[in-house]
Amino acid sequence: MKKVTVDHITIGDGLPKIIVPMVGNTVEELEKEAELIHTLDCDLVEWRIDFFEQVSNFQAVASLSHNLKAILEKPLLITFRTKNEGGVYDLSESDYFELYKTIISNGNLNLLDVELFMPEKQVNELIDLAHKNEIKIIMCNHDFQKTPKKEEIIHRLRSMQDKGADICKIAVMPTASEDVLTLLDATREMYETYAQVPLITMSMGALGMISRVSGQVFGSAATFGSATTASAPGQVPVVELRKMLETLKQ
């Protein structure tokens, strides 16, 4: 399997990497959040720009990424999560791609989150532009209602890989403990049989929390931990998450 290196962090090597989300609404909140995260023992930072009150001003987003990256001094993943997949701001498909093109061309970031079920032609163009600017693509899919069958989870992850993703990510919602096992078994099979790039998989909510710390056993290369406000149900505070990962290693 390939590894992905951004700045000094190699995803797919060693312990699962810890990604901490920033979900501030204003410039002031985000800068304060970045200053806190700078002090934490995490590996990467995700800026959830759908929370940002100025997200419709594409150039403002790109410009602020420079300030936040300088404060964080950590690899930065930028994500606009659509409402269909749990985001907080409604953006048309054309604006989604225009926003991302502006960020790629004028921002400062290491990774960009792209959703699997966006139109294929525009996604291909976006991935090409990102790669020309040395930005890696995390392609993702979220199901907040259920856990698909194992075969469907693997199919989606393989589709991301086929589309040129540098990292493939899926998050699903369990309604029973069996669903958590489905996600973990799908991760294992994908990792052992098909994966050519790193995977990030998780079962959400309290029921799925075990999946956020067991990646090194089943093949997930990164996990999300919260600094202040969680961006998805079941995220563990980053300080506790690091302890859990180290304990499992032993």
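Residues numbered from 1 in each chain as written. Predicted model: local features only at pLDDT ≥ 70, side-chain atom pairs only at ≥ 80, totals over all residues. Heavy atoms only, no water.

Quick look at the UniProt feature "binding site: 3-dehydroquinate" (unreviewed entry) in the protein chain
Part 1: The UniProt feature table records "binding site: 3-dehydroquinate" (unreviewed entry) at Glu 46, Trp 47, Arg 48, Arg 81, Arg 212, Ser 231 and Gln 235.
Part 2: Here Glu 46 shows up in strand β4 (residues 44–48).
Part 3: We classify Arg 81 as buried; its relative accessible area is 3%.
Part 4: Not counting the four nearest positions on each side in its chain, Arg 81 is found in contact with Glu 46, Arg 48, Asp 50, Gly 86, Gly 87, Val 88, Tyr 89, Asp 113, Glu 115, Cys 140, His 142 and Lys 169. (UniProt positions renumbered as here; feature names shortened; annotations may be inferred. Helix = DSSP H or I, 4+ residues; strand = E, 2+ residues; numbered from the N terminus. Buried < 20%, exposed > 50% of the residue type's maximum accessible area, 1.4 Å probe, protein only. Contact = heavy atoms within 4.5 Å.)

Some details on the packing of helix α1 (residues 27–38) against helix α2 (residues 58–72)
Part 1: Here α1 crosses α2 at 25°, and the two axes come no closer than 8 Å. Considered as vectors, α1 and α2 are oriented roughly parallel to each other. As for the relative orientation of α1 and α2, their crossing is right-handed in sense. Between α1, through Val 27, Leu 30, Glu 31, Ala 34, Glu 35, Ile 37 and His 38, and α2, the contact on the second element is made entirely by Leu 64, Asn 67, Leu 68, Ile 71 and Leu 72.
Part 2: Residues of the contact of α1 with α2, tallied by class, amount to eight nonpolar, two polar and two charged. (Axes fitted to C-alpha atoms, helices over the stretch in contact; angles between N-to-C directions. Parallel < 35°, antiparallel > 145°, perpendicular 65-115°, else oblique. Left-handed = near helix turned anticlockwise from the far one by under 90°. Nonpolar A, V, L, I, M, F, W, Y, C, P; charged D, E, K, R; others polar.)

Focus on the sheet that holds strand β11 (residues 236–237)
Part 1: Here we have nine strands laid out as an open sheet, ordered β9-β8-β7-β6-β5-β4-β3-β10-β11, and parallel in their pairing. Strands at the two margins of the open sheet, each flanked by one partner only, are β9 (199–203) and β11.
Part 2: Across three bridges, the pairing between strand β3 (residues 17–22) and strand β10 (residues 222–226) is parallel. When the sheet's bridge partners are listed, Ile 19 is paired in β10 with Phe 224.
Part 3: Set on the sheet, helix α3 (residues 93–106) makes contact with β5 (76–79) and β6 (111–115); between it and β6 the angle comes to about 170°.
Part 4: Relative to β9, helix α6 (residues 177–194) is tilted by about 170°, and along the sheet it contacts β8 (167–172) and β9. (Pairing = 2+ DSSP bridges.)

A closer look at the pairing of β5
Part 1: Neither face of β5 is open: one carries Leu 76 and Ile 78, the other Leu 77 and Thr 79, and all of them are buried.
Part 2: Taken together, β4, α2 and β5 constitute a β-α-β crossover, and its handedness is right-handed.
Part 3: Bridging between β5 and β6 involves two bridges; their strand directions are parallel. For Ile 78, the partnering residue across the bridge sits in β6 and is Leu 112.
Part 4: Once you follow β5 into α3 and on to β6, the crossover reads as right-handed. (Right-handed = clockwise from strand over helix to strand, strands pointing away.)

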